[in-house]
Amino acid sequence: MKRVFLFVLLMVFCKKPFDLKVEEAKYDAYLAALPELRPVPKDKPVELAVHYVKADNLPELDVNERTRLYRLVEKLCAEKIGYTVQIREARLVKIRDFFASASSLFTTSPLGYPSQAFLVSYFAPDRDKRIEAAVAAAIKGNRAKVKEYLGDGYAALYTRAFVGKLSAIFAETDTKGNPLLSKNNAEDERYFSYGHWSSILQGEKQADFFLTNAGIIGADNGMPLYVIARGGITSAFIENNAHRPYQGVGVLGLYPFLADTAYFNEKRGKLTREEKIEAIAWIWLHELGHLLLKKEENYSFADSVHRAPPDLRYYEWVKRVRGTKDHRSAAIAEMKKF
Ligand SMILES: [Zn+2]
């Protein structure tokens, strides 16, 4: 799903040496110059190099579970979208080391731009004002969808609900008993940041997909309605990539699937280990509809795997789409850029 980002407010925070206005223009020019996307042919096996990025303090899938997940995704790809996919976990890296090695990318032009510009930090003094501007932009001119995702209300009210949900998630305790994100580990915010992952995905040269037991969670200035409705959770996403064979690289954040906390048990439902793995596999299949078939986000065919779950009830979505005979791939338009 292509996000449209709000930049007007950011200009206030421009600081040398990274001038966001200049960087935005360079980034836009870089994206415009990328070749158009093409669907990946089905006549040869698709090899996906997966890097597992592990946070030691968060629930995770062990190596046997990841292996089961990879085989299940391969099976679903063959059955549902017609690809022979071979997933290979090529690397396991600790999230701290991973972000340390990516840090130069964050300050490099033009791909550092998303990491500098998209995040609305949980700790920003004007956080709620900036979130409200992002919410207002997302709800503009889209009343029917707004009602479906957020109910009756207005930007300030939606913002309050959003901040309440996000605060509840970040207050959850990790496996060591500490809050997921607080002033004590504020530097960990980038592990959850859509913008930082966006820069990483676009600069990556070896992986086709990152699997991490962190999550893509937080406020940014391009959140679509369904991310606002979930309290800032993006399950997974794909970015353009000029280095990798399928023209894109993806990330899937496992935390919203694996967390057994009050927020997730309520919003997602309590799931068994097997149900969690199955839900992750289907979300991954949805993402491969973007990466391989180059399909746009679909909002029309409710029983199709190409329609992402509208909320966090991942397993109810799985039960709905897994019996579908025709996922309507042929009827969904292709993207020119991720
Ligand atoms: Zn999608």
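What counts, and where the lines are drawn
- Residues numbered from 1 in each chain as written.
- Predicted model: local features only at pLDDT ≥ 70, side-chain atom pairs only at ≥ 80, totals over all residues.
- Helix = DSSP H or I, 4+ residues; strand = E, 2+ residues; numbered from the N terminus.
- Rg over C-alpha atoms; globule rule 2.2 N^0.38 Å.
- Buried ≥ 20, exposed ≤ 12 C-beta atoms within 10 Å, placed from the backbone.
- Contact = placed C-beta atoms within 7 Å.
- Pairing = 2+ DSSP bridges.
- Axes fitted to C-alpha atoms, helices over the stretch in contact; angles between N-to-C directions.
- Parallel < 35°, antiparallel > 145°, perpendicular 65-115°, else oblique.
- Nonpolar A, V, L, I, M, F, W, Y, C, P; charged D, E, K, R; others polar.
- Core = buried A, V, L, I, M, F, W, Y, C linked by C-beta atoms within 7 Å.
- Expected span 1.5 Å × (residues − 1).

## Regarding the overall build of the protein chain
Per the secondary structure count, the protein chain includes 13 helices and 9 strands. Relative to the 2.2 N^0.38 estimate, which gives 20 Å for 338 residues, the radius of gyration of the protein chain is 19 Å and therefore close to what a compact globule would have. With the C-alpha coordinates of the protein chain rotated into their principal frame, the extents come out at 50 × 45 × 45 Å. For the protein chain, buried positions account for 45% of its 338 residues. Of the contacts formed within the protein chain by residues at least 6 apart in sequence, a portion of 74% connects residues at least 24 apart.

## Observations concerning the sheet that holds strand β8 (residues 236-240)
One open sheet holds the 5 strands; their spatial order is β2-β1-β4-β9-β8, and the pairing between them is mixed. The outermost strands of the open sheet, each flanked by one partner alone, are β2 (85-94) and β8. Averaged over all pairs of adjacent strands, the angle between their axes in this sheet comes to 20°, without regard to strand direction. Here β8 runs beside strand β9 (residues 248-253); their pairing, made up of 5 bridges, is antiparallel. Within β9, the position partnered with N240 by the bridge is G248.

## Considering the pairing of strand β4 (residues 209-212)
Side chains on a regular strand alternate between the two faces of the sheet. Of the two faces of β4, the one lined by F209 and L211 and the one lined by F210 and T212 are each fully buried. Pairing between strand β1 (residues 46-54) and β4: 4 bridges, direction parallel. Across the sheet, Y52 pairs through a bridge with L211, a residue of β4. Of the pairings in the sheet, the one linking β4 to β9 comprises 4 bridges and is parallel in character. Residue pairing for β9: T212 is matched across the bridge by G253.

## Description of the environment of W317
Examined against the element boundaries, W317 turns out to sit in helix α13 (residues 314-321). On the neighbour-count criterion, W317 (22 C-beta atoms within 10 Å) is buried. Measuring from C-alpha to C-alpha, the distance between W317 and D303 comes to 8.5 Å, with 14 residues separating the pair along the chain.

## Regarding unusual backbone geometry
The amide bond that connects S109 to the next residue, P110, takes the cis arrangement and shows omega of 0°. Position of P110 relative to the elements: it lies in the loop between α3 (95-106) and α4 (113-117). Residue Q247 is not a glycine yet carries a positive backbone phi of 65°. Its location among the elements puts Q247 in the loop between β8 and β9. Accessibility expressed as a C-beta count within 10 Å gives 20 for Q247, which makes it buried. In this structure, R328 is a non-glycine residue whose phi angle is positive, near 65°.

## Considering the packing of α3 against helix α8 (residues 194-203)
The contact between α3 and α8 brings their axes to 10 Å, and the two run at 85°. Judged by the angle between their axes, α3 and α8 are roughly perpendicular. Here α3 contributes A102, L105 and F106 to the contact with α8, which in turn contributes H196, S199, I200 and G203. Across the contact of α3 with α8, the residue classes break down as 4 nonpolar, 3 polar and no charged.

## So, the nonpolar core
Ranked by internal contacts, the top residues of the largest apolar core, which has 94 residues, are V73, I228, L252, I280, A281, W282 and L285. Of the residues forming this core, the biggest block, 10 residues, is contributed by helix α12 (residues 273-291). L252 has contacts with F209, L211, A236, I280, I283, W284 and E287, leaving out every residue within four places of it along the chain.

## Remarks on the environment of S103
The topology assignment puts S103 in helix α3. Given 13 C-beta atoms within a 10 Å radius, S103 is considered partly exposed. For the pair S103 and L92, spaced 11 residues apart in the sequence, the C-alpha separation amounts to 18 Å.

## Let's talk about helix α5 (residues 127-139)
Over its 13 residues, α5 runs 18 Å from end to end, which matches the ideal 18 Å to within 8%, given 1.5 Å per residue. Taken as a whole, α5 has its buried residues at R130, I131, E132, A134, V135, A138 and I139. Following α5 by one or two positions, G141 has its phi on the positive side, about 65°.

## A closer look at the pairing of β1
In this structure, β1 lies alongside β2, joined through 9 bridges in parallel fashion. Bridging across to β2, A49 finds its partner in R88.

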